[in-house]
Every structure is written in C-alpha cells, then in structure tokens.
Amino acid sequence: MAREIRDLSTPEWAWGREAFWYAFIATYPNFPGGKWSFWDSSISLEGQFIEEWVGSSGIFSTVIDDDDSKLATVSTHTDTLDYIWTEFSRHIALFYPHPLVSIL
C-alpha cells in the first residue's frame, strides 16, 4: 500500500484524498470561511468534493420531495453533517467493504 500511496495517479490515492476532505469538512464545516486550524498552503484543494464545496461556499442544495419539487438549500449544521456522512459512507464503500457506524 505504501508504494501505491506514493503514486498520486492511483485510484487509492484519489480515494484517500476524497476521504480526507470529507473528514476535514465534517470537522470544519465553515471552511473555507470561519475558524479552522492553520492551513498549510502546500495542501492543494484538489478533489471532486472539496472543489464543489469551496465553489459553493459550503452551501449545498437538494430537491425536497414535495408537490412542487422545489430546490431547497440545506443550511443547518445537522443537515450539513448528515449530508457529509451520507456522501462519506458512499465514498468509503468503494474500497472499504465493512459497514460504518455513525456516532452522531
């Protein structure tokens, strides 16, 4: 595995990078705004999730199942964590075949 990690073009590297960003944003949901640990600028904001997160300023939208099928912006802290957990769980299943347990 260590050999694969050194090669930044492997699926395992991309998977790990995405997993890192899900965990980081779950910890600092106001990123890139708000307060968060000192940022090392050598860590690039690369990966589908973080690029979408930063591009949307940390606001995501989802379709609410109702008569109008309106696009609703989910903005509460709990909704954000639920969204990240769901996406993280889907992502982790790509290489980690065991069930995850939420402690939220």
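Residues numbered from 1 in each chain as written. Predicted model: local features only at pLDDT ≥ 70, side-chain atom pairs only at ≥ 80, totals over all residues. Heavy atoms only, no water.

Considering the pattern of salt bridges
The condition that has to hold: Each reported salt bridge corresponds to a side-chain nitrogen of Lys or Arg within 4 Å of a carboxyl oxygen of Asp or Glu. For the purposes of this entry, the term helix denotes a DSSP run of H or I that reaches at least four residues, the term strand denotes a run of E that reaches at least two, and both are numbered from the N terminus. Each residue gets one of three labels from its accessible area relative to the maximum for its type: buried under 20%, exposed over 50%, partly exposed in between, using a 1.4 Å probe on protein chains only.
Applying the stated rule across the entire model yields 2 salt bridges. For glutamate 46, the salt bridge is made with arginine 17, and the minimal N-O distance between the two is 3.8 Å. Of this pair, glutamate 46 sits in the loop between helix H2 (11-27) and helix H3 (48-55) while arginine 17 is found in helix H2, placing the two residues 29 residues apart along the sequence. For glutamate 46, a relative accessible area of 41% translates into the label partly exposed.

Description of the packing of H2 against H3
Cut-off, in case you're wondering: Comment: axis = line fitted to C-alpha atoms, over the contacting stretch for helices; angle = value between 0 and 180 degrees taken between N-to-C directions. Our angle categories are set so that under 35 degrees counts as roughly parallel, over 145 as roughly antiparallel, 65 to 115 as roughly perpendicular, and the remainder as oblique. Any two residues whose heavy atoms approach within 4.5 Å at even a single point are treated as in contact. Each residue is assigned to one of three groups, with Ala, Val, Leu, Ile, Met, Phe, Trp, Tyr, Cys and Pro labelled nonpolar, Asp, Glu, Lys and Arg labelled charged, and all others, Gly among them, labelled polar.
At their nearest, the axes of H2 and H3 sit 8 Å apart, and the two run at 40° to each other. Accordingly, the angle class assigned to the pair H2 and H3 is oblique. The residues of H3 that touch H2, namely those facing Glu18, Trp21, Tyr22 and Ile25, are Gln48, Phe49, Ile50 and Trp53. Of the residues contributing to the contact of H2 with H3, the split by class is 6 nonpolar, 1 polar and 1 charged.

Side note on the nonpolar core
Nonpolar side chains in soluble globular proteins tend to end up buried together. The line we're drawing: Here the nonpolar core consists of buried residues drawn from Ala, Val, Leu, Ile, Met, Phe, Trp, Tyr and Cys, with membership extended through side-chain atoms lying within 4.5 Å.
Ranked by size, the top nonpolar core spans 14 residues in total, and within it Ile25 and Phe49 carry the most contacts. Of all the secondary structure elements, the ones that give two or more residues to this core are H2, H3 and helix H4 (77-92). Per-element accounting of this core gives the leading share, 6 residues, to H2. If we ignore the near neighbours within four places in the chain, the residues touching phenylalanine 49 are Glu18, Trp21, Tyr22, Ile25, Tyr83 and Ile84.

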